[in-house]
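# Observations on the model geometry
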Amino acid sequence: MSTGTSTVEAPTTGGAAVLRRPRRVRALWLAVVLLVLVGVALASVLVGSRDVAWADVVAALGGSTDGFEEAAVAKRIPRTLLALLVGAALGVSGAVMQGVTRNPLADPGILGVSTGASLGVVVGLAFFGMAAASTVVWVAIVSAGLTAAFVYVVGSLGRGGATPLKLALAGAATSAALSSLVSAVVLPRNDIAGGVRSWLVGGVGGGTYDSIRQVLVFLVVGFVVCLLSARGLNSLALGDELAAGLGERVALTRGTAAVGAVVLCGASVAVTGPIGFVGLVVPHACRLLVGVDHRWLLPFAALVGAALLTAADVLGRVVARPAEIDVGIITALVGAPFFIYLVRRRKLREL
Amino acid sequence: MTGLLTTRDAAPSTVEAVRGGRTRRSARRRVVVAVLATVVVVGFCVSLVFGQTTYPPADVLRVVLGQEVPGASFTVGTLRLPRAVLAVAAGLCFGLAGVTFQTMLRNPLASPDVIGISSGASAAAAFAIVVLQLGPTAVSVVAITAGLAVSLVVYALSSKGGVAGTRLILVGIGIAAMLDSLTAYVLSQAAEWDLQVAMRWLTGSLNGARWEQVVPVLLALVVLGPLLLLQTRDLAATQLGDDTASALGVQVERNRLLLIVTAVGLICFATAAAGPVAFVAFLAGPIAARLVGPGSSLLVPAALVGAVLVLVGDFAGQFLLGARYPVGVVTGVLGAPYLVYLIVRTNRAGGSL
């Protein structure tokens with residue numbers, strides 16, 4: 001990406017320049033996003049039902065947990081890390097799903113993938129006494145994958161293939177069906193209902209180093225797979241025929257990228273519960289910042305997703321002090337209007 | 001000359017064919033309606049007679065007629081009768097309202113429990129129970145108002161040079177997501193006892209149905225039901241598409257608003273009494289369409305199917321499944337696979353209902 005690109009870029013003007021942001025613009029946005037990310041992460045450690053001083057933060061970062069303030073900070077650090085990780089995972093997962101399906105409405109929540117993962121976990125907890133955290137992650141990922149495959153197949157049946165609206169409808173219908181099954185499983189089981197209900201809202205409040213360690217491997221694998229398929233996604237964006245003509249193995253690329261997205265989504269659901277709309281909003285925002293090239297889009301989606309989810313978590317801690325609002329609630333309240341805005345646009349352009 | 005002659009010869013046979021088809025279809029519809037009505041009546045009687053203790057039909061009849069029968073008066077008169085009446089009334093409301101939406105928007109997914117109306121009523125009810133600590137009647141009023149308001153918001157947000165069915169569904173799903181998250185937040189703040197009340201309500205349950213809850217639903221059914229049935233012809237015309245309908249003399253926008261308000265009214269009153277019994281509004285229409293066949297109004301058959309679903313679901317949830325489940329869980333589990341099947345079929349065939 002050094003001299004080669006710049007010589008290619010030099011003669012392009014007009015339409016191409018709109019799609020391909022100059023490197024300076026991208027670098028600028030990268031700096032801005034990184035700055036915001038650091039700021040938000042700091043805020044997440046500083047802000048909460050109890051205000052803490054700088055000295056306490058510094059001390060707690062050094063590992064000390066003396067006194068209320070430092071203990072509070074020590075609790076907030078893993079929570080912040082979890083929010084960053086899951087936000088990044090959801091952002092990338094959404095961006096890849098939008099790329100794979102070429103659908104601006106794609107999102108782990110809207111396509112029903114999160115609900116599928118939830119159903120798997122809830123069934124495992126209720127009927128099979130599933131306890132080990134690693135099992136939960138595996139079950140979540142496998143059921144997320146099954147749901148994703150199902151929704152895609154259903155959405156692409158019939159005339160016109162997987163058009164944005166058809167796919168979104170198939171996902172929403174599947175999601176509604178699965179969530180009614182979830183509540184049917186949970187309701188009669190008073191022993192697990194309380195814990196499961198708060199998990200189903202989606203929050204990072206329970207984040208510990210342990211919970212991070214359990215999903216870290218999966219998240220890293222997911223990130224790597226997604227980033228490696230960035231080039232393939234760029235070809236897919238040209239349409240299946242053209243991509244095949246360019247030497248892309250369309251089915252393989254689509255499959256690999258989808259697996260990456262599903263792993264990311266399933267692992268996040270397993271640890272935080274389903275958090276909606278991050279995967280929808282973030283890629284759209286990033287496309288405005290850096291254009292449609294997935295090699296830039298995916299890393300940006302990770303950064304912006306991390307910043308967004310952490311910010312939403314901080315917001316949830318601030319608005320209802322001393323109580324907390326789970327981050328899943330905040331993202332739904334912020335993200336759903338954006339979804340409606342997208343739906344209202346006259347024509348839903350395929351990506 | 002010859003051409004004229006052939007048309008003249010063909011004319012009676014075409015007329016006969018059309019007439020024959022029409023007679024056959026309306027006969028089928030009459031049979032279906034009669035069978036469904038019988039099933040509702042039988043189900044109603046069964047749920048009065050059978051239960052933890054079974055009373056002879058003669059005793060039950062005497063209780064229903066207002067006589068005192070030791071034992072049976074309480075069990076049948078106070079517990080089972082309002083419950084069964086509520087099941088039938090709520091089922092009729094759900095079925096009517098659901099099929100109205102599905103027909104009007106030409107999409108089976110456009111049922112009130114998918115497009116956010118039930119979510120609106122639920123969120124408002126949860127808020128009223130947990131935060132405002134209101135009693136049952138006030139909760140119902142709040143739920144009804146909120147359901148109406150949400151449906152108008154969804155309608156307004158999805159109208160953009162005419163309301164497209166798909167857009168309305170997706171807007172409704174977005175609104176539903178917001179409202180559901182509000183409900184989740186309210187529930188997470190709830191005290192243990194309020195949580196029990198709210199959860200019972202949110203699941204859709206006929207447990208502990210009392211006459212005070214049943215009467216408003218009956219009133220809504222008596223007032224709004226006929227109003228809806230009067231629109232049958234216009235509703236059938238809207239099914240042909242907005243342009244065709246307005247060419248046929250239907251005032252599309254006004255008619256649609258009237259239908260929405262009436263249907264939402266029915267849904268909200270039923271929801272206020274029984275909670276959002278999952279998927280009844282959604283299932284009734286497609287099942288009725290399958291039974292009746294194409295070309296005739298689905299309002300009455302769908303209403304009856306709704307009543308059957310709630311009655312059977314409630315009875316099965318109480319006595320047939322081992323543990324006692326609220327009716328909403330039973331219909332939810334039944335409805336989920338059907339919902340998936342329906343989206344598969346709609347996508348493959350492009351069918352509307």
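Everything numeric in this text was worked out from a predicted model, so none of it was measured. (Residues numbered from 1 in each chain as written. Chains lettered and ligands numbered in written order. Predicted model: local features only at pLDDT ≥ 70, side-chain atom pairs only at ≥ 80, totals over all residues.)

## Some details on the overall build of chain A
Summing up its helical and strand segments, chain A has 16 helices and zero strands in all. Expressed as a percentage of its 351 residues, the buried residues of chain A come to 53%. Considering only intrachain contacts with a sequence separation of at least 6, the fraction spanning at least 24 residues in chain A is 77%. (Helix = DSSP H or I, 4+ residues; strand = E, 2+ residues; numbered from the N terminus. Buried ≥ 20, exposed ≤ 12 C-beta atoms within 10 Å, placed from the backbone. Contact = placed C-beta atoms within 7 Å.)

## Description of the overall build of chain B
Secondary structure summary: chain B contains 14 helices and zero strands in total. In chain B, the order of α-helices and β-strands from amino to carboxyl end is α-α-α-α-α-α-α-α-α-α-α-α-α-α. Over its C-alpha atoms, taken along the principal directions, chain B stretches across nearly 85 × 50 × 35 Å. For chain B, the proportion of its 353 residues judged to be buried stands at 53%. Partitioning the contacts of chain B with sequence separation of at least 6, the portion at a separation of at least 24 is 77%.

## Some thoughts on helix α3 (residues 72-104) of chain B
Residue and element names in this part refer to chain B. In a regular helix each residue adds 1.5 Å, so 33 residues correspond to 48 Å; α3 covers 45 Å between its end C-alpha atoms and thus fits that length. Of all bends in α3, the biggest is about 40°, found at R80, and the proline P82 comes one to four residues later. Of all the 33 residues making up α3, 25 are buried; the element is thus mostly covered by neighbouring parts of the structure. Among the residues trailing α3, R106 stands out with phi positive, at a value near 55°. (Expected span 1.5 Å × (residues − 1). Bend = angle between axes of the 7 residues up to and from the residue.)

## Considering the interface of chain B and chain A
Where the parts come together, the accessible area they lose is often given as the size of the interface. Facing the 36 residues of chain B at the interface are 36 residues of chain A. Breaking the side of chain B that touches chain A down by element, the ones donating at least two residues are α6 (165-188) and α14 (327-349) of chain B. The element that contributes the greatest number of residues to the side of chain B that touches chain A is α6(B), accounting for 14 residues. Of the residues that constitute the side of chain B that touches chain A, the class distribution is 23 nonpolar, ten polar and three charged. (Nonpolar A, V, L, I, M, F, W, Y, C, P; charged D, E, K, R; others polar.)

## Focus on the environment of B:R30
Residues and elements named next belong to chain B. Tracing the sequence through the fold places R30 in helix α1 (residues 2-49). You can call R30 exposed: it has 12 C-beta atoms within 10 Å. Measuring from C-alpha to C-alpha, the distance between R30 and V292 comes to 8.9 Å, with 262 residues separating the pair along the chain.

## A short note on the confidence of the model for chain A
When pLDDT is averaged across chain A, the result is 82; 88% of the residues are at 70 or more. Ignoring residues within four places in sequence, the model shows residues 1-17 of chain A, a span with pLDDT below 50, making two contacts including any to other chains. (pLDDT = per-residue confidence, 0-100.)

## Things to note about the nonpolar core
Core analysis: the largest hydrophobic core is formed by 237 residues, its most contacted members being A:A267, B:A90 and B:C93. With 17 residues, α3(B) is the largest single contributor of residues to this core. (Core = buried A, V, L, I, M, F, W, Y, C linked by C-beta atoms within 7 Å.)

## Observations concerning the packing of helix α8 (residues 211-230) of chain B against helix α11 (residues 252-274) of chain B
For any two helices packed against each other, one specifies the inter-axial angle together with the distance between the axes. Residue and element names in this part refer to chain B. Look at α8 against α11: their axes get within 9 Å of each other, and the N-to-C directions meet at 165°. Classified by the angle their axes make, α8 and α11 are roughly antiparallel. Where α8 crosses over α11, the handedness of that crossing is left-handed. Residue-level inspection shows Q213, V214, P216, V217, A220, L224, L227 and L228 of α8 in contact with α11, the latter providing T262, A263, G265, L266, F269, A270 and A273. Looking at the contact of α8 with α11 residue by residue, the classes come out as twelve nonpolar, three polar and no charged. (Axes fitted to C-alpha atoms, helices over the stretch in contact; angles between N-to-C directions. Parallel < 35°, antiparallel > 145°, perpendicular 65-115°, else oblique. Left-handed = near helix turned anticlockwise from the far one by under 90°.)

## With respect to the environment of B:A177
Turning to its location among the elements, B:A177 is positioned in helix α6. Sequence separation of B:A177 and B:G116 is 61 residues, and the distance between their C-alpha atoms is 8.0 Å. Discounting residues that sit within four places of it in the chain, B:A177 has contacts with A:G276, A:A332 and A:A336.

## A short note on unusual backbone geometry
Residues and elements named next belong to chain A. Even without being a glycine, R102 presents a positive backbone phi close to 50°. Residue position: R102 is located in the loop between α5 (67-101) and α6 (113-127). Assessed through the 21 C-beta atoms surrounding it within 10 Å, R102 is described here as buried. Positive phi, normally seen in glycine, also occurs at F277, with a value near 75°.

## Regarding the packing of α3(B) against α11(B)
Residues and elements named next belong to chain B. Here α3 crosses α11 at 150°, and the two axes come no closer than 9 Å. Compared by their axis directions, α3 and α11 come out roughly antiparallel. For the crossing formed where α3 meets α11, the hand is left-handed. Of the residues in α11, those in contact with L86, A90, C93, F94, L96, A97, T100, F101 and M104 of α3 are R256, L259, A263, L266, I267, F269, A270, A273 and A274. Residues that form the contact of α3 with α11 fall into these classes: 16 nonpolar, one polar and one charged.

## Regarding the confidence of the model for chain B
Residues and elements named next belong to chain B. Across chain B, the average pLDDT comes to 82, with 93% of residues at or above 70. When mean pLDDT is taken per element in chain B, helix α13 (residues 299-320) scores highest with 90 and helix α7 (residues 192-203) scores lowest with 77. Long-range and interchain partners of residues 1-6, a stretch whose pLDDT sits below 50, account for zero contacts in this model, where long-range means more than four residues apart. Across the whole predicted complex the pTM is 0.81, and at the interface the ipTM reaches 0.77.

## Some remarks on helix α3 (residues 23-46) of chain A
For α3(A), built from 24 residues, the straight-helix expectation of 34 Å at 1.5 Å per residue is met to within 8% by its first-to-last C-alpha distance of 34 Å. Within α3(A), burial applies to A:V33, A:L37, A:V40, A:A41, A:S44 and A:V45.

## A word on the environment of A:A336
For A:A336, the position within the fold is in helix α16 (residues 327-344). The class for A:A336 is buried, based on 25 C-beta atoms found within 10 Å. Along the sequence, A:A336 and A:V86 sit 250 residues apart, while their C-alpha atoms lie 19 Å from each other. Once you skip the residues sitting within four places of it in the chain, A:A336 turns out to touch A:F277, B:G174, B:I175, B:A177 and B:M178.

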